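# Descriptive structure summary
Next come the chains, spelled out residue by residue.
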Amino acid sequence: MQNRLIIISDLMGNPNNEGWVEAYANILKSGLLVEHLDTRKLAGIDLCLGSQEIIHSQFVNGGIDLATKALIRQNKEPAHVLAFSIGGTIAWKAALRGLKTKSLIAISSTRLRYEKEIPDCPTLLFYGENDLNKPKSNWFLNFKIPPVIIPHADHEMYKNSAFIKQISADLKAFLQAH
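Let me sum up the structure you'll find in this document. (Residues numbered from 1 in each chain as written. Predicted model: local features only at pLDDT ≥ 70, side-chain atom pairs only at ≥ 80, totals over all residues. Heavy atoms only, no water.)

### Things to note about the pattern of salt bridges
As a reminder, the rule being used: Salt bridge, as used here, is a side-chain nitrogen of Lys or Arg placed within 4 Å of a carboxyl oxygen of Asp or Glu. Classification of residues uses two cut-offs on accessible area relative to the type maximum, computed with a 1.4 Å probe and protein chains only: under 20% is buried, over 50% is exposed, and between them is partly exposed.
Counted according to the given criterion, the structure contains six salt bridges. Here Glu156 makes a salt bridge to Lys159, at a shortest N to O gap of 3.4 Å. Judged by its relative accessible area of 36%, Glu156 falls in the partly exposed class. Exposure remark for Lys159: the relative accessible area of 26% places this residue in the partly exposed category. In this structure, a network of salt bridges that share partners links the residues Asp10, Glu156 and Lys159.

Right, dumping it as structure tokens:
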């Protein structure tokens with residue numbers, strides 16, 4: 001059976017990703033069965049909503065939990081997970097609740113700073129140096145997860161084609177090792 005890679009979008013979902021999700025999929029697809037999941041669909045959030053503040057509020061007020069349950073329900077076979085921003089929080093919580101996760105890569109998942117437990121899988125976390133909401137250094141030390149901090153980058157660095165190319169080797173090596 002071919003290894004699976006689930007790619008989970010950020011807060012705005014797949015329709016609004018301007019092609020950056022596909023860029024990751026194209027880099028990582030060699031030897032993997034890649035599946036894209038839209039966080040907004042997982043959470044049951046209206047895809048017509050355009051306001052980032054309203055969408056964020058819906059995730060924080062129950063959407064994360066709904067998306068976590070949907071992710072577990074829809075995925076019974078083990079998979080690697082690559083998730084962005086709030087998608088990383090959803091994947092983390094799902095891994096804690098039983099999602100069969102071979103490895104978890106989260107990029108700019110700032111809400112992880114509130115987490116008190118760590119999933120039982122190899123984990124790689126990327127953050128921009130200038131992302132004000134990334135977990136504090138003691139959070140990483142407590143979980144013994146060394147973060148990859150991208151110099152001069154902000155929260156949405158993952159959408160930048162230069163960043164995508166910059167970390168592709170790290171992502172490939174991590175996935176191959178796990």
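### A short note on unusual backbone geometry
Operational definition: We count a stretch as a helix when DSSP gives it H or I for four or more residues in a row; a strand needs E for two or more, and each element gets its number in order from the N terminus.
Of note in this structure, Ser85 is not a glycine but carries a positive phi near 50 degrees. Here Lys144, not a glycine, exhibits a phi torsion of approximately 55 degrees, which is positive. Position of Lys144 relative to the elements: it lies in the loop between helix H5 (137–143) and strand E6 (148–150). Here Lys144 falls in the exposed class, since its relative accessible area comes to 74%.

### Regarding the sheet that holds strand E2 (residues 32–37)
In plain terms, the rule: When DSSP finds two or more bridges between a pair of strands, those strands are recorded as paired. Geometry is summarised by axes, namely lines fitted to C-alpha atoms with helices restricted to the contacting stretch, and by angles between N-to-C directions that run from 0 to 180 degrees. It only takes one pair of heavy atoms within 4.5 Å for two residues to be counted as in contact.
Ordered in space as E2-E1-E3-E4-E5-E6, the six strands form an open sheet in which the pairing is parallel. Both outer strands of the open sheet, E2 and E6, are each paired with one neighbouring strand and no more. Taking each pair of neighbouring strands and ignoring which way they run, the sheet shows an average axis angle of 15 degrees. Relative to strand E4 (residues 101–107), strand E3 (residues 79–84) is paired through six bridges, and the arrangement is parallel. Of the residues in E4, the one forming a bridge with Leu82 is Ile105. Running over the sheet, helix H4 (residues 86–96) touches strand E1 (3–8), E3, E4 and strand E5 (123–128) and is turned about 145 degrees from E3.

### Some points on the pairing of E5
As a reminder of what qualifies: Throughout, right-handed denotes a crossover for which the path from the first strand over the helix to the second runs clockwise when the strands point away from the viewer.
Burial analysis of E5 places six of its six residues in the buried class, the great majority of the element. Along E5, one buried face is formed by Thr123, Leu125 and Tyr127 and the opposite face, lined by Leu124, Phe126 and Gly128, is buried too. Here E4 runs beside E5; their pairing, made up of four bridges, is parallel. By the bridge assignment, Ala106 is partnered in E5 with Leu125. This β-α-β element, E5 to H5 to E6, shows right-handed connectivity.

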